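# Residue-level structural notes
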Amino acid sequence: MSAVGRAIWFIESHFESDISLEEISEAAGLSRYHLSRVFGLVTGHSISGYIRGRRLSRAVPTLVGGSSTILEVALYAGYGSHEAFTRAFRDQFGMTPDAVRRQGHARNLVLLEPIRINDLEPPRFETLQPMLFAGLQEIYPYGGNAAIPSLWQKFNAHFGHISGQQGNVAYGICTHIDGEAEKFRYMAAVEISDADDLPGDFATLKLPGQRYVVFAHRGHVSGIPATMNRIFGAWWPTSGLEHGETPDMFERYDERFDPYTGMGVTEIWLPIRA
């Protein structure tokens, strides 16, 4: 079983009790820092967000059934009060527990099911020289990347008209934020030759020359998290590779990808230590 798979198994076996990041990391065989970083990339959730979502999702059938009080459901889900449970439940599902109990069903709730790890096609290896990027960037919570398409929509209005743009390839660059396990930084960007005459809301990012392992994602862009599951959940732990410092990864969109439909081939580039 992979490191992320071991972490998920441990969480699924223990999330009804208090579990610490140290315990999960020990079960996964990774450091706290590395597990937090990889878990977010693989699953699209922070560790605490995954635990919270699974606890609340498991509580929903009991809540709908009506045989227990809401306080009893809250305690079962690991919350010490009706109020704390209600806040967390509303943040997760957009409805209060009382409203869900009154409607008597959960068909309009998006429950978080256990994550499964699957297979992957073989990658290739590439070495790139230092690269300078420019584009629009935002900070997103793991699992909250549904807003990324709107960032691309704003960026695409500039694509092809950016001063110093190199080629017709777009990049989606993910970087971790030091000291932050719940969020990541995402940039929709192009490679540029220099940073002169850029739009005022653009940011720049310089990546060092380094070696990468490159995976192909085929199909709709919304399936990239599942491909990340396969990379970090199954392939990476047995590869013997060590992740580079920055970025966490980048997506490369060339002529094989159709931005109008979101379909085609997207390459996922992960920096590795030589």
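In this report, the structure presented in the accompanying data block is examined. (Residues numbered from 1 in each chain as written. Predicted model: local features only at pLDDT ≥ 70, side-chain atom pairs only at ≥ 80, totals over all residues. Heavy atoms only, no water.)

### Quick notes on the overall build of the chain
Note the following rule: Where helices and strands are cited, they refer to DSSP runs of H or I of at least four residues and of E of at least two residues respectively, numbered from the N terminus. Two things to know: the radius of gyration comes from C-alpha atoms, and the globule rule equals 2.2 Å times the number of residues to the power 0.38. To sort residues, take the accessible area from a 1.4 Å probe on protein chains only and compare it with the maximum for the residue type: under 20% means buried, over 50% means exposed, and anything in between is partly exposed. Contacts are residue-level and defined by heavy atoms, with any inter-residue pair within 4.5 Å sufficient. Accessible surface area values rest on a Shrake-Rupley calculation with a 1.4 Å probe, where residue burial reflects the displayed protein chains alone. His is not counted, nor are the chain ends, whereas Lys and Arg count as positive and Asp and Glu as negative. For this purpose, a charge sits on NZ of Lys, CZ of Arg, CG of Asp or CD of Glu.
Across its full length, the chain carries nine helices and nine strands. The C-alpha radius of gyration of the chain comes to 21 Å, within 12% of the 19 Å expected for a compact globule of 274 residues. Its C-alpha atoms give the chain principal-axis dimensions of roughly 65 × 40 × 35 Å. Burial statistics for the chain: of 274 residues in total, 44% are counted as buried. Once local pairs closer than 6 in sequence are excluded, the contacts in the chain between residues at least 24 apart make up 71%. As displayed, the chain offers around 13,500 Å² of accessible surface, 50% of which is attributable to carbon and sulfur atoms. For the chain, the separation between the mean place of its 24 positive charges and that of its 31 negative charges on side chains is 5 Å.

### Some remarks on unusual backbone geometry
Between Thr 246 and Pro 247 the backbone carries a cis peptide bond, its omega angle lying at 0°. Tracing the backbone through its elements, the reader meets Pro 247 in the loop between α9 (224–235) and β7 (249–253). Phi angles above zero are rare outside glycine, and Asp 197 is one such case at about 60°. You can see Asp 197 is positioned in the loop between β4 (180–191) and β5 (203–207). Given a relative accessible area of 68%, Asp 197 falls into the exposed group.

### Remarks on helix α6 (residues 82–93)
Here is the rule we go by: To estimate how far a helix should reach, multiply one less than its number of residues by 1.5 Å.
Between the first and last C-alpha of α6 there are 16 Å, a value that for twelve residues agrees with the 16 Å anticipated at 1.5 Å per step. Within α6, the full set of buried residues consists of Phe 85, Thr 86, Ala 88, Phe 89 and Phe 93. Lining the buried residues of α6 we find α4 (47–65), α5 (70–76) and α7 (97–103). Phi turns positive, to about 80°, at Gly 94, one or two residues after α6.

### As for the packing of aromatic side chains
Our working definition: Two aromatic rings, drawn from Phe, Tyr or Trp (for Trp, its six-membered ring), form a pair once their centres lie within 6.5 Å of each other, and the interplanar angle then sorts them: stacked below 30 degrees, edge-to-face above 60, tilted otherwise.
The full count for this structure, using the stated rule, is 21 aromatic pairs. An angle of 50° between the planes, with centres 6.5 Å apart, marks the rings of Phe 133 and Phe 250 as tilted. You can see Phe 133 sitting in strand β2 (residues 131–141) and its partner Phe 250 sitting in strand β7, a full 117 residues away along the chain. Residues Phe 133 and Phe 250 agree in their burial class; the two are buried. Relative to Tyr 186, the ring of Trp 152 has its centre 6.5 Å away and its plane inclined at 70°; by these criteria the two rings are edge-to-face.

### Things to note about the side chain of Ser 46
Keep this limit in mind: In the analysis that follows, any N or O atom pair within 3.5 Å is treated as a polar contact, provided that within protein one partner can donate a hydrogen and the other can accept it, and provided that, for residues neighboring in sequence, both atoms belong to side chains.
Tracing the chain through its elements places Ser 46 in the loop between α3 (32–43) and α4. Relative accessible area serves as the criterion here: at 5%, Ser 46 is assigned to the buried category. Within polar-contact distance, the side chain of Ser 46 engages the backbone nitrogen of Gly 49 at 2.9 Å. Separated by 2.8 Å, the side chains of Ser 46 and Glu 182 make a polar contact.

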